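Secondary and tertiary structure notes
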Amino acid sequence: PAIFPVDSTVAQQKLGGAAATSLVDALVNSVCQTACSGAYRHPQLHGHVAYGTAGFRMRADAGQMDYIMFRMGVLAALRSRSLHGQAVGVMVTASHNPEHDNGVKLVEPNGDMLPVEWEPIASGLVNALDTELRNHLHVLLSTLHDSEFITTAQFVASLAEAVAAGVRACNPAGTDEADDEQLAVAEQLGVLTTPQLHYIVACTNNPAYGRPSLSGYAEKLAGAFVRLAERRSLKGGGGAGPRSVHIDAANGVGAGALAQLAPLLGEHLRLVVHNSGDGELNYRCGADFVKVQMRFPEGRGLQFEPGQRWASFDGDADRIIYFYCDSEGQFQMLDGDKQAALLAAYLIGRIRAAGLNLNTGLVQTAYANAESTRYLAEQLGVAVACVPTGVKHLHKRAKDFDIGVYFEANVRARLARKLKRLENCGLVMDLINETVGDAVSVLLAVEHALAEAGWGAAEWNACYTDLPSRQLKVSVANRSAVTTTDAERRCVLPEGLQPVIDDLVAATQRGRAFVRPSGTEDVVRVYAEGATRELADQLALQVAEAVHRLAAGVGPLPSIE
């Protein structure tokens, strides 16, 4: 069956059905029978895969995702039922990866990611051999019966239909599934961004957050932006003339979201969209390419004029990088650190002006440039925390602050009511997709903050100067052979690699470097900083060589274009 490049499903449970008359074990057996009968049409193709921050990820052009999609449909039904029938989301996306990749992940009722404690449940379900699937499901359901999952016999009686509907929700069109009465229903939402699905799931379970539809998403963001712009205009602030921003949409689904948003912004912000679908997904364009390669994206007819503000999305529009061409024609990047610093400064200024004493913090990963950390701590007086890479780590740590801003520039809404007391901050909160990092949402928040300051790209970039840095990827036989500690800043395995890195860093002026295994492919990512571009590049190449030599590298050594 075909795997859609980007698609999504919301699996939502309904309570009901006749009271159970059989023993719990018999009803659990019925669930196993329902799932296993369908599994014969979706046989397991390969060995162990692990559910992580990105869900399940692998090549999809050879049909390798089919059985995973089937079993994730089962998991969606189980997860929804364990939460007493709340809606959960299933997102199918290649994200920032090459077009031939694909993946699937679940979205929680509040828009968060699947809890960490459910990740081994997902991995176990997908990795169970076809011949062992019935036993695995029996153990899983029995375990859940003893804890959070089954609270009444009636819940157990409805599980067979729940699982069947969850499976049908993730099947491609054209498969012939049994048409039983559905106590679990699936709503196909079609092609949309990952943040849009998170938003819709959250609204479905909490209508106070917004209307659970694509139009509701666009109208909430655009409405807040326009009202803020009108208030700024009445005060005579924010500079003169209409503002515009150019966007590289990576030939992904973000272009569709922007097309729906643009008419609602009116004269307040002009969106000029490039790479809107006429090229290959994420190929030499998009946020990951621009960030890693530190260069302009490629695409049909792209021209970069000095002073123009540009932003690159990734394929599913949950990542964003700003950049511009300076007066000398050179590429200048405004990454997540600069975005988070801008928004933190904006919010802190209003909080302090109102005389409130709120615990505000910014959460970074090891990828944060050393100068950004210094600026935040010394110039803005913001508490800075460092956590391992991954939204789940950033999001969890951000909740420890009254106002937590993290790398994707997503502001946690724990104190939205307090913020609404401040001038314009309620509308700013409406600009933020509080469920997940969202390129469209962050774009509007950044553009508002820049307009308030009367800044262009160059003025924004001047708030602090990043140390030159370089990122490289080293292909390895097995990424799990590399492990780290201290928020991924120190390498534990393979033995001997960290001492080599320490020696190389010590020999580099203002040097800093770390390595970490990718969460989605068999590569080790290398990050390096230095006092000059040449030193940063040299350090990155030296560390990459050490990784290749000590961590079973495959293929050629990475190079810098």
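Residues numbered from 1 in each chain as written. Predicted model: local features only at pLDDT ≥ 70, side-chain atom pairs only at ≥ 80, totals over all residues. Heavy atoms only, no water.

1. Describing the sheet that holds strand 13 (residues 403-406)
Read from one edge of the open sheet, three strands run 12-11-13, paired in parallel fashion. Looking at which strands have only one partner, the edges of the open sheet turn out to be strand 12 (383-386) and strand 13. Averaged over all pairs of adjacent strands, the angle between strand axes in this sheet comes to 25°, irrespective of strand direction. In this structure, strand 11 (residues 360-364) lies alongside strand 12, joined through four bridges in parallel fashion. Paired with Gln364 across the two strands is Cys386, which belongs to strand 12. Contacts between helix 13 (residues 391-398) and the sheet are confined to strand 11, strand 12 and strand 13, with strand 13 contributing the most and set at about 160° to the helix. (Pairing = 2+ DSSP bridges. Helix = DSSP H or I, 4+ residues; strand = E, 2+ residues; numbered from the N terminus. Axes fitted to C-alpha atoms, helices over the stretch in contact; angles between N-to-C directions. Contact = heavy atoms within 4.5 Å.)

2. Quick notes on the pairing of strand 17 (residues 512-517)
Burial analysis of strand 17 places five of its six residues in the buried class, which makes it a mostly covered element. Pairing analysis gives six bridges linking strand 17 to strand 18 (residues 523-529), with the strands arranged antiparallel. Note on strand 18: the bridge partner recorded for Val515 is Val526. Hairpin connection, strand 17 to strand 18: the antiparallel pair is bridged by five residues. (Buried < 20%, exposed > 50% of the residue type's maximum accessible area, 1.4 Å probe, protein only.)

3. Re the nonpolar core
Residues Leu261, Leu271, Tyr322 and Leu443 are the most contacted members of the largest nonpolar core, which totals 55 residues. Among the elements that make up this core, the one with the highest residue count is helix 16 (residues 439-453) (nine residues). In contact with Leu443, not counting residues within four places along its chain, are Val245, Ile247, Leu258, Leu271, Ala311, Ile320 and Tyr322. Met72, Val74, Ala76 and Leu137 belong to the second largest nonpolar core, which has 36 residues in total. (Core = buried A, V, L, I, M, F, W, Y, C linked by side-chain atoms within 4.5 Å.)

4. Observations regarding the environment of His198
Looking at where His198 falls in the secondary structure, it is placed in helix 7 (residues 194-205). Exposure remark for His198: the relative accessible area of 2% places this residue in the buried category. With 107 residues separating them in the primary sequence, His198 and Met91 have C-alpha atoms 9.0 Å apart. What His198 contacts, discounting residues up to four positions off in sequence, is Val107, Gly111, Asp112, Met113, Thr435 and Val436.

5. Quick look at the sheet that holds strand 14 (residues 469-475)
With antiparallel pairing, three strands are arranged side by side in an open sheet as 14-18-17. Because the sheet does not close on itself, it has two edges, and the strands there are strand 14 and strand 17. Neighbour-to-neighbour, the strand axes of this sheet turn through a mean angle of 15°, independent of strand direction.

6. Observations concerning the packing of helix 11 (residues 336-353) against helix 16
Following both chains from N to C, one finds helix 11 and helix 16 inclined at 60°, their axes separated by 10 Å at the closest point. Taken together, the axes of helix 11 and helix 16 lie oblique to each other. Judged by the sense of rotation from one axis to the other, the crossing of helix 11 with helix 16 is left-handed. Along its contact with helix 11, which presents Gln339, Leu342, Leu343, Tyr346 and Arg350, the element helix 16 presents Val442, Ala445, Val446, His448, Ala449, Leu450 and Glu452. (Parallel < 35°, antiparallel > 145°, perpendicular 65-115°, else oblique. Left-handed = near helix turned anticlockwise from the far one by under 90°.)

7. Things to note about the layout of surface pockets
Estimates place the volume of the second largest pocket at around 830 Å³. Taken together, the elements giving at least two residues each to the lining of the second largest pocket come down to helix 10 (286-293), strand 14 and strand 18. Tallying contributions element by element places helix 10 first for the lining of the second largest pocket, with six residues. Along the lines of polarity and charge, the residues of the lining of the second largest pocket split into 15 nonpolar, nine polar and ten charged. (1 Å grid on protein atoms, 1.4 Å probe; cavity = no way out; pocket = protein on both sides within 12 Å on 5 of 7 lines; lining within 4 Å. Points joined across faces, edges and corners; volume = space filled by probe spheres on them. Nonpolar A, V, L, I, M, F, W, Y, C, P; charged D, E, K, R; others polar.)

8. Focus: the pattern of salt bridges
Side-chain pairing between opposite charges can occur once the charged atoms of the two side chains come close. Scanning the entire structure with this criterion turns up 25 salt bridges. We note a salt bridge from Arg211 to Glu219, for which the minimum N-O separation is 2.5 Å. On the accessibility criterion, Arg211 (42% relative accessible area) is partly exposed. The partly exposed category is assigned to Glu219, whose relative accessible area is 43%. Taking the shortest distance from any N to any O, the salt bridge between Arg479 and Asp522 comes out at 3.4 Å. On the criterion of sequence distance, the pair formed by Arg479 in the loop between strand 14 and strand 15 (483-485) and Asp522 in the loop between strand 17 and strand 18 is long-range, its members being 43 residues apart. Classification of Arg479 as partly exposed rests on a relative accessible area of 26%. Salt bridges here are not isolated pairs; linked through shared partners, they connect Glu371, Arg374, Glu378 and Arg510. (Salt bridge = Lys/Arg side-chain N within 4 Å of Asp/Glu carboxyl O.)

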